[in-house]
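# Secondary and tertiary structure notes
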Amino acid sequence: MGKQGWRIVVAGGAAAVFTAVAAVPAGAAEGGVSFTRVQVNGGKPIVIGVSNEVEVPASFRMATTRQWKWPAVFLYRGGASGERLWHAIETSDCIKVGSGVCDIHETMYFDPSEWAMKNSEAGAWKVGAEVYFKGGGGDTDDEGLTVHVKRNSHLTVNASPEPVSKGRTITVTGKVTRANWETRKYAAYGGRQVSLQFKPAGAASYTTVKKVYANGSGDLRTTVKASKTGMWRWVYYGNTTTGLSTSSGDNVVVK
């Protein structure tokens, strides 16, 4: 199955398969349909790793007097040729809110273990909406929204020695890695600025202690003075192509 070629839609419990419209949306393709209230993942980035399928909620309102089938929102980028981000979808039947007006709920499924995702696909994508008409034809519109699709990141942490005497030095190490969709493995993500955070025993939240840059191999290393028993962790806040990640906490008892 080609990456751009087919999508699976489930509507009203019945599955159907159809090809995507080739043209990039640039206003109504054939008219007669209005798409409003479009949302994809609640406006949050779509973060995808190397193995687990990611389910992304989407919804929209569609108004038309024409008979239709298979309405959906999708992600695209590029110019006249157009490129769509491959995914499977599941849509609800029409939730009628007025004459010729339906609310539609949709789930987008992104599965890096099944589809040949490319690292170059990380970044900003535009949102389009489309519907096919019974008897042929359809309508495809740009919705003026942007969604960021990001590669997942991971962090590890180790704080030592454990336990430690008050006033002595604690060394905190770790590693930041990022999903490589083409190899389906996590690889070192060097040069990233990562925050070292600490939560004293009994406290409810972490506080940033310092910021550290990973070396070229993604390794993190820094030292702090032992003052209180508590948990140490790393936090990477991500960028336009990479998702946020937080390590587990490593508890160090200070005597």
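As shown above, the structure is provided for reference.
Description of the structure in this document. (Residues numbered from 1 in each chain as written. Predicted model: local features only at pLDDT ≥ 70, side-chain atom pairs only at ≥ 80, totals over all residues. Heavy atoms only, no water.)

Our focus in this paragraph is the overall build of the protein chain. Regarding its fold elements, the protein chain presents 0 helices and 21 strands. Looking at the protein chain residue by residue over its 255 residues, the buried ones come to 43%. By sequence separation, contacts in the protein chain at least 24 residues apart represent 67% of the contacts at least 6 residues apart. Here the protein chain has roughly 12,400 Å² of accessible surface; of this, 50% comes from carbon and sulfur atoms. (Helix = DSSP H or I, 4+ residues; strand = E, 2+ residues; numbered from the N terminus. Buried < 20%, exposed > 50% of the residue type's maximum accessible area, 1.4 Å probe, protein only. Contact = heavy atoms within 4.5 Å. Areas by Shrake-Rupley, 256 points an atom, 1.4 Å probe, with all protein chains shown as cover.)

Right, let's talk about unusual backbone geometry for a bit. Between S160 and the following residue, P161, the backbone shows a cis peptide bond with an omega angle of 0°. Mapping P161 onto the fold places it in the loop between strand 13 (153-160) and strand 14 (169-180). Each neighbour pair has its own omega, and for E162 with P163 the value is -5°, a cis peptide bond. Note that P163 resides in the loop between strand 13 and strand 14. For R37, which is not a glycine, the phi torsion comes out positive at approximately 55°. Position of R37 among the secondary structure elements: in strand 3 (residues 33-40).

In this structure, V40, I46, V73 and L75 are the most contacted members of the largest nonpolar core, which totals 32 residues. Taken together, the elements giving at least two residues each to this core come down to strand 3, strand 4 (46-48), strand 5 (54-64), strand 6 (68-77), strand 10 (101-110), strand 11 (123-133) and strand 12 (138-151). When near neighbours in sequence (up to four residues on either side) are disregarded, I46 contacts V40, N41, V54, V56, L75, F110, V147, H148, V149 and K150. Counting 21 residues, the second largest nonpolar core, distinct from the first, contains I170, V194, L220 and A226. (Core = buried A, V, L, I, M, F, W, Y, C linked by side-chain atoms within 4.5 Å.)

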